[in-house]
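Coordinates in review
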Amino acid sequence: MKRLRQIPPAILGNAVLFQGLWLAAVLGASLGRQWPALVMLLALVALAVGSGASWRAEGRMALAGLLAGMLAERVWLSLGLIEYRLAWSPVWPPVWIMVLWVGFAMSLNHSLAWLQGRVWLAAVFGAIGSVGSVLAGVRWGAASAPAGWLPLAVWYGLVWALLVPALAWWAARGAGPGGQAMWPREGRTGC
């Protein structure tokens with residue numbers, strides 16, 4: 001409990017808002033709506049910038065998430081591993097999925113900054129978290145797995161096990177005095 005009180009409110013807020021973003025995106029998609037995900041992403045950005053995070057650090061992570069998401073999603077969609085609700089094309093991901101990628105990448109500056117410099121932990125976190133997330137999305141009706149859940153889970157786990165450490169590394173490269181909100185950790189420079 002003492003450790004929880006040491007977490008800066010902006011980092012705790014980011015964790016709560018990112019979970020809200022996931023829920024808004026997946027539940028919104030299953031109900032045929034994309035706007036709830038956009039509203040939650042705006043709240044996530046407002047919290048980050050309002051708590052003193054650098055626009056540059058946030059922008060570079062948003063762009064990294066967008067690019068990583070476009071590449072990974074195009075592969076999964078082209079292989080027929082997943083189909084998303086509200087997709088405007090069979091080979092392009094819908095807006096709500098890309099919003100999730102952006103929010104996740106930005107969270108590596110905040111509530112997920114503890115993954116920076118911890119390659120193996122980031123890989124395990126990416127593999128397990130992604131599989132749980134995508135299977136929950138399929139179960140809730142936001143997506144379907146035309147090739148079956150096992151190929152989807154294997155591909156998601158493998159790709160995310162590579163992407164999370166890479167994105168965490170990229171977030172750490174943007175760190176600097178006043179550059180971004182960071183998870184408190186001994187020996188770390190920055191805020």
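Note: the structure precedes this text.
Heads up: these notes are all about the structure in this document. Given the structure is predicted, the values throughout are model-derived calculations rather than measurements.

On to the overall build of the protein chain, then. The secondary structure content of the protein chain amounts to 7 helices and 2 strands. Put simply, the protein chain runs from its N terminus to its C terminus through helices and strands in the order α-α-α-α-β-α-α-β-α. Look at the contacts in the protein chain between residues 6 or more apart in sequence, and 74% of them connect residues 24 or more apart. Of the roughly 9,700 Å² of accessible surface on the protein chain, 71% is carried by carbon and sulfur atoms.

On to the packing of helix α3 (residues 35–50) against helix α5 (residues 95–107). Their axes nearest at 9 Å, the elements α3 and α5 cross at an angle of 20°. The orientation of α3 with respect to α5, classified from their angle, is roughly parallel. Between α3 and α5 lies a crossing of left-handed hand. Between α3, through A37, L38, L41, L44 and V45, and α5, the contact on the second element is made entirely by V95, W96, V99, V102, G103, M106 and S107. Grouping the amino acids of the contact of α3 with α5 by side-chain chemistry returns 10 nonpolar, 2 polar and no charged.

All right, on to helix α7 (residues 149–173) then. Along its 25 residues, α7 runs 35 Å from first to last C-alpha, staying within 8% of the 36 Å computed at 1.5 Å per residue. Along α7, the sharpest kink reaches roughly 25°, centred on W160. All of the buried residues along α7 are L152, A153, Y156, G157, W160, L163, V164, P165, L167, A168 and A171. Buried residues along α7 sit in contact with α4 (55–78), β1 (83–84), α5 and α6 (119–139).

The residue L86 is not glycine, and still its phi comes out positive at about 75°. Looking at the element boundaries, L86 is found in the loop between β1 and α5.

Attention now moves to the nonpolar core. Within the largest apolar cluster, 47 residues are counted, with the highest numbers of intra-cluster contacts made by L21, I82, W96, W101 and L108. Elements with a contribution of two residues or more to this core: α2 (9–30), α3, α4, α5, α6 and α7. Beyond its immediate sequence surroundings of up to four residues, W101 is in contact with G65, A68, G69, A72, E73, W76, W160 and L163.

So, on to α6. The end-to-end C-alpha separation of α6 is 30 Å, in line with the 30 Å expected for 21 residues at 1.5 Å each. All buried positions along α6 are accounted for by A122, A123, G126, S130, V134 and G137. Projected down its long axis, α6 carries its buried residues within an arc of 95°, all on one side. Facing away from the buried side of α6, by more than 90 degrees, are the exposed residues W120, I128 and R139. Elements in contact with the buried residues of α6: α2, β2 (143–144) and α7.

Rules of the game
- Residues numbered from 1 in each chain as written.
- Predicted model: local features only at pLDDT ≥ 70, side-chain atom pairs only at ≥ 80, totals over all residues.
- Heavy atoms only, no water.
- Helix = DSSP H or I, 4+ residues; strand = E, 2+ residues; numbered from the N terminus.
- Contact = heavy atoms within 4.5 Å.
- Areas by Shrake-Rupley, 256 points an atom, 1.4 Å probe, with all protein chains shown as cover.
- Axes fitted to C-alpha atoms, helices over the stretch in contact; angles between N-to-C directions.
- Parallel < 35°, antiparallel > 145°, perpendicular 65-115°, else oblique.
- Left-handed = near helix turned anticlockwise from the far one by under 90°.
- Nonpolar A, V, L, I, M, F, W, Y, C, P; charged D, E, K, R; others polar.
- Expected span 1.5 Å × (residues − 1).
- Bend = angle between axes of the 7 residues up to and from the residue.
- Buried < 20%, exposed > 50% of the residue type's maximum accessible area, 1.4 Å probe, protein only.
- Core = buried A, V, L, I, M, F, W, Y, C linked by side-chain atoms within 4.5 Å.
- Arc of directions from axis to C-beta.

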